[in-house]
Amino acid sequence: MPRVTFPHMGESYRSFKMLLNDLGNDVVLPPRPSKRTLDHGVRYSPEFACFPLKILMGTYVETCRLGAEIIVTSGGVGPCRAGHYGQMHKKILQDIGFPVDVVVFEPPRFHPIDFLRNIQKLNPDRLSYRAIWDCIKRAWQKLSALDEAEKLTHVVRPRETVPGATTRAYRKALEWIDRSYTSKEISEAHAAALEAIKSVEQDPERKILKVGIVGEIYVLLEPASNLEIEETLGNLGVEVERSMFLTGWTKDNTGQETHEIITVKDAAMPYIPLCIGGHGRESVGHTVIYAKRGFDGVIQMAPFTCIPEIVARTILTSVSREYGIPVLTFFLDEQTGKAGMSTRLEAFVDLMKRKKWQEPGTGQAAVNI
Amino acid sequence: MKAYLGIDVGSVSTNIVVQDQAGKIHAGLYIRTMGRPIEALLKGLRQVGESLPPDIEIEAAGTTGSGRYLAGVMVNADVIKNEITAHAVAASLLVPDVRTVLEIGGQDSKIIIMRNGIVTDFAMNTVCAAGTGSFLDQQASRLNIPITDFGDLALSSASPVRIAGRCTVFAESDMIHKQQMGHSLQDIINGLCEALVRNYLNNVGKGKEILSPVVFQGGVAANKGIKAAFERFLNLPVIIPEYHNIMGAIGVAQLAGEEVRKTGGTKFKGFHITGLTYKTGSFECGGCPNGCEIAEIYEGDRVIGRWGARCQRWDIIN
């Protein structure tokens, strides 16, 4: 049985593990990225490569040591380095003595034959296309359940009355979803998970700020890479809406584009009329939409040296001015410290509070003394 | 008389302010942290406690700066606030119609944009600390001139030398190169001031609408050369408040006062804590793959604060 692994992106591994197992692979689970992962990643990556390359590099070194032989990853769309990372990782890993193969999935919309060929590489049990399709459907169902549960925590956490209660309920719910297998079980676990998170005791009276999160996909989806920004904001009493989830992104890159992404591209049109790679255009489009929906602020998360996000950041300055919405940008890499981030987040939350409610502490009250 | 205590424990300096309700400063202390925040804070509190007139009663206490949590648990602060908010509050207290705050401290620099007394935008240096106070400090000691003379030397220069200001280390190489070429010390120092300001405006100040009145605060505001360079680049007058180097402490004293008006009474332990012993320690938690680095502080042999955990495992239950 081939030993297969893949990148760690939030909780999505629970779904990928099931799918690859179903096709007859032995899955080596990627560990949650840690300091050790980063140490490996930084050691074997070019210094000015972006953060996702380094984290994945470290993850692969860890999983290769556990015996992984095939790495499954995704390609890229448009002019962004990440599209070459699969090949890059393969070369580096082979150089340092891990004879791995890397299977790169490009968007099937543009590369249908390649897609099917890749599927066959990961199908040692020789399942029929029909059977594979059934497995993919179940994996998709699980992925949706994971995304929905996570989305709900973003709404519940800022309102929780017992600190940490949402996170505890979420951890439990993840295990239920993880253990479910048949389509029926998954939908039951899905419902139970949402119910458990919803029933966390909340304070409906609490005044809540609403912040949209935009940026590059990996640093958005992997909490270990963004210093758990969503949880930190939730604890500061901020409801978060993230612009990207794995299910949404996959939909946009497999079959027809969804209505949502078309709206985002339209919203970005006056600023960025074409694809500049990565998620630069989406960052701008989502910020415009969040502003129109009356959000209190937007936070952009970008890997240090990420060109598409650097372009977006410069443009977000004018979006922020024209729509009157505060925007805060974080460039993340292995040097980013949690303390510096907390300081900026606290100040950003203060700024939004004052803008919204003109709370005392603006200096306004101080001046009147 | 009732007064508020504000404490700002920063990378380079520890500042303590006692301000009464009318805004009068009764004590304003600026001492070097020297990498020992606990000792600096205790020493500072002792000095302030001794110098205060006996009729002053501390009604509220607040902490800010990178050491705010540490200082906060030591004195039992009513409010623990980030330095961006504290600086904005202090600036609008001293210059009520301020619209731009430039702040350069020991290891960070920030710009705060205010409109009608409200912060509307801010930025803080992220991936680079070139051109903050620590760098000027280092260069002064390398050139063997007191940092306090830096500004006057810069002002006496007629033609600043262009120094590469993007990276601290390269700026130093460039300065040495210019010295070996025979440029005068004054011109090099003036060039360094300009490089710092250029870097600040292109980096932290990028895309921000800088409108007058502009207030310049933080330890580096003492440097007349930097002030002059800002005025040249911005083409605007730059105001340096009298207490420019302790603004964070002033701001957080105000915020503490506001907080206590809401809560009804202060939690401040009192100046007697300067007689207690504090010690810190750290360890790596082995509970899960996160491997959090936990730091803790003891008052006597009781743990009063812990930081760095991503879960509730190390929370202190009172």
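Position labels on residues start from 1 in each chain and follow its written sequence. For this description, chains carry letters from A and ligands carry numbers from 1, given in the order in which they are written. Selection of residues for local features in this predicted model requires a pLDDT of at least 70, selection of side-chain atom pairs for listing and counting requires 80 or more, and totals for whole chains, interfaces and linings are taken over all residues. Excluding hydrogens and water, the side-chain figures rest on all heavy atoms present in the structure.

An unreviewed UniProt entry annotates chain A as (R)-2-hydroxyglutaryl-CoA dehydratase originating from Desulfocucumis palustris.

Asker: Teacher, can you tell me more about the side chain of A:Asp147 here?
Answerer: Working definition: helices are DSSP H or I runs of at least four residues, strands are E runs of at least two. Numbering for both runs from the N terminus. With respect to the helices and strands, A:Asp147 occurs in helix H6 (residues 129-156). Any two residues whose heavy atoms approach within 4.5 Å at even a single point are treated as in contact. Contacts of A:Asp147, omitting those with residues within four sequence positions, involve A:Phe245, A:Leu246 and A:Thr247.

Asker: Can you walk me through the interface of chain B and chain A in this structure?
Answerer: By a widely used convention, the size of an interface equals the accessible area lost when the partners come together. Every contact between the two is made by 36 residues of chain B and, on the other side, 30 residues of chain A. By convention, the term buried area covers the 1.4 Å-probe accessible surface removed from two parts as they join, with the contributions of both added. When chain B packs against chain A, the two sides together hide about 2,900 Å² of surface, and 52% of this comes from carbon and sulfur. Counting the surface chain B buries against chain A, the share from its top three residues, B:Ile118, B:Phe122 and B:Arg310, is 20%. Salt bridges are identified by distance alone: a Lys or Arg side-chain nitrogen within 4 Å of an Asp or Glu carboxyl oxygen. Joining chain B to chain A, the criterion identifies 4 salt bridges.

Asker: Just to check I follow, could you spell out the sheet that holds strand E11 (residues 278-284) of chain B for this structure?
Answerer: Backbone hydrogen bonds are what pair the strands of a sheet, in a parallel or an antiparallel way. Residues and elements named next belong to chain B. With antiparallel pairing, 3 strands are arranged side by side in an open sheet as E11-E12-E13. At either end of the open sheet lies a strand with only one pairing partner, and these are E11 and strand E13 (302-307). Within the sheet, the average angular offset between the axes of one strand and its neighbour, ignoring direction, is 25°. By the convention used here, strands pair only if DSSP detects at least 2 bridges between them. Across 7 bridges, E11 lies against strand E12 (residues 293-299) in antiparallel orientation. When the sheet's bridge partners are listed, glutamate 284 is paired in E12 with glutamate 293. Whenever a helix is involved, its axis is fitted only over the stretch in contact; in every case the axis is a line through C-alpha atoms, and angles between N-to-C directions fall within 0 to 180 degrees. Helix H2 (residues 68-75) contacts E11, E12 and E13 of the sheet and is inclined by roughly 155° relative to E13.

Asker: I would appreciate a short explanation of the sheet that holds strand E4 (residues 57-64) of chain B in the present structure.
Answerer: All names here are of chain B. Strands sit in the order E3-E2-E1-E4-E5 across an open sheet of 5 strands; the sheet is mixed. At either end of the open sheet lies a strand with only one pairing partner, and these are strand E3 (25-32) and strand E5 (79-80). Pairing between strand E1 (residues 2-9) and strand E2 (residues 13-20): 7 bridges, direction antiparallel. From the neighbouring strand, isoleucine 7 faces E2, where its bridge partner is isoleucine 16. This element, H2, spans E1, E4 and E5 of the sheet and lies at about 155° to E4.

Asker: How should I be thinking about the UniProt feature "domain: DUF2229" (unreviewed entry) in chain A in this particular structure?
Answerer: Taking the UniProt record as the reference, the feature "domain: DUF2229" (unreviewed entry) is found at residues 8-60 of chain A. End-to-end, the C-alpha atoms of residues 8-60 of chain A are 10 Å apart, and along that stretch the chain is 57% helix and 4% strand. UniProt positions are given in the numbering used here, feature names are shortened, and annotations may be inferred rather than shown by experiment.

Asker: Mind showing me how you'd approach the domain arrangement of chain A here?
Answerer: Residue and element names in this part refer to chain A. The split into domains, and so the bounds of each, comes from an automatic or database assignment of domains. Assigned domains within chain A: domain 1 (3-127), domain 2 (136-204) and domain 3 (207-356). On a C-alpha basis, the centres of domain 2 and domain 3 stand 23 Å from each other. With 13 residues of domain 2 in contact, the opposing surface of domain 3 contributes 15 residues. At the boundary of domain 2 with domain 3, total buried surface from both sides reaches about 1,300 Å², with 62% on carbon and sulfur atoms. Where domain 2 meets domain 3, there are 2 salt bridges. Polar contacts here mean pairs of N or O atoms no more than 3.5 Å apart (in protein, one a potential hydrogen donor and the other a potential acceptor; neighbouring residues in sequence count only if both atoms are side-chain atoms). Taken together, the links from domain 2 to domain 3 amount to 4 residue pairs in polar contact (both at pLDDT 80 or more).

Asker: Looking at this structure, I do not really get the packing of aromatic side chains. What am I missing?
Answerer: For any pair of aromatic rings, the description rests on two quantities: the centre-to-centre distance and the angle between the ring planes. Two rings belonging to Phe, Tyr or Trp (six-membered ring only in the last case) form a pair when the distance between their centres is within 6.5 Å. Interplanar angles under 30 degrees mark stacking, angles over 60 mark edge-to-face geometry, and anything in between is tilted. With the rule as written, the count across this model stands at 8 aromatic pairs over all chains. Residues A:Tyr290 and A:Phe295 carry aromatic rings whose centres are separated by 4.6 Å and whose planes lie at 35° to one another, so their mutual orientation is tilted. Taken individually, A:Tyr290 and A:Phe295 each receive the classification buried, so the pair is uniform in this respect. On the numbers, 6.4 Å between centres and 65° between planes, the contact of A:Phe348 with B:Phe122 is edge-to-face. Residue burial is assigned from relative accessible area. The probe radius is 1.4 Å, only protein chains are included, and a residue is buried under 20% of its type maximum, exposed over 50%, and partly exposed in between.

Asker: Explain the environment of A:Thr161 to me, please; I cannot follow it from the model alone.
Answerer: All names here are of chain A. Considering the arrangement of structural elements, one finds threonine 161 in the loop between H6 and helix H7 (165-179). Expressed as a C-alpha distance, the spacing of threonine 161 and glutamine 202, which sit 41 residues apart in the sequence, is 5.3 Å. Those residues in contact with threonine 161 that sit more than four places away from it in its chain are Glu201, Gln202, Asp203 and Arg206.

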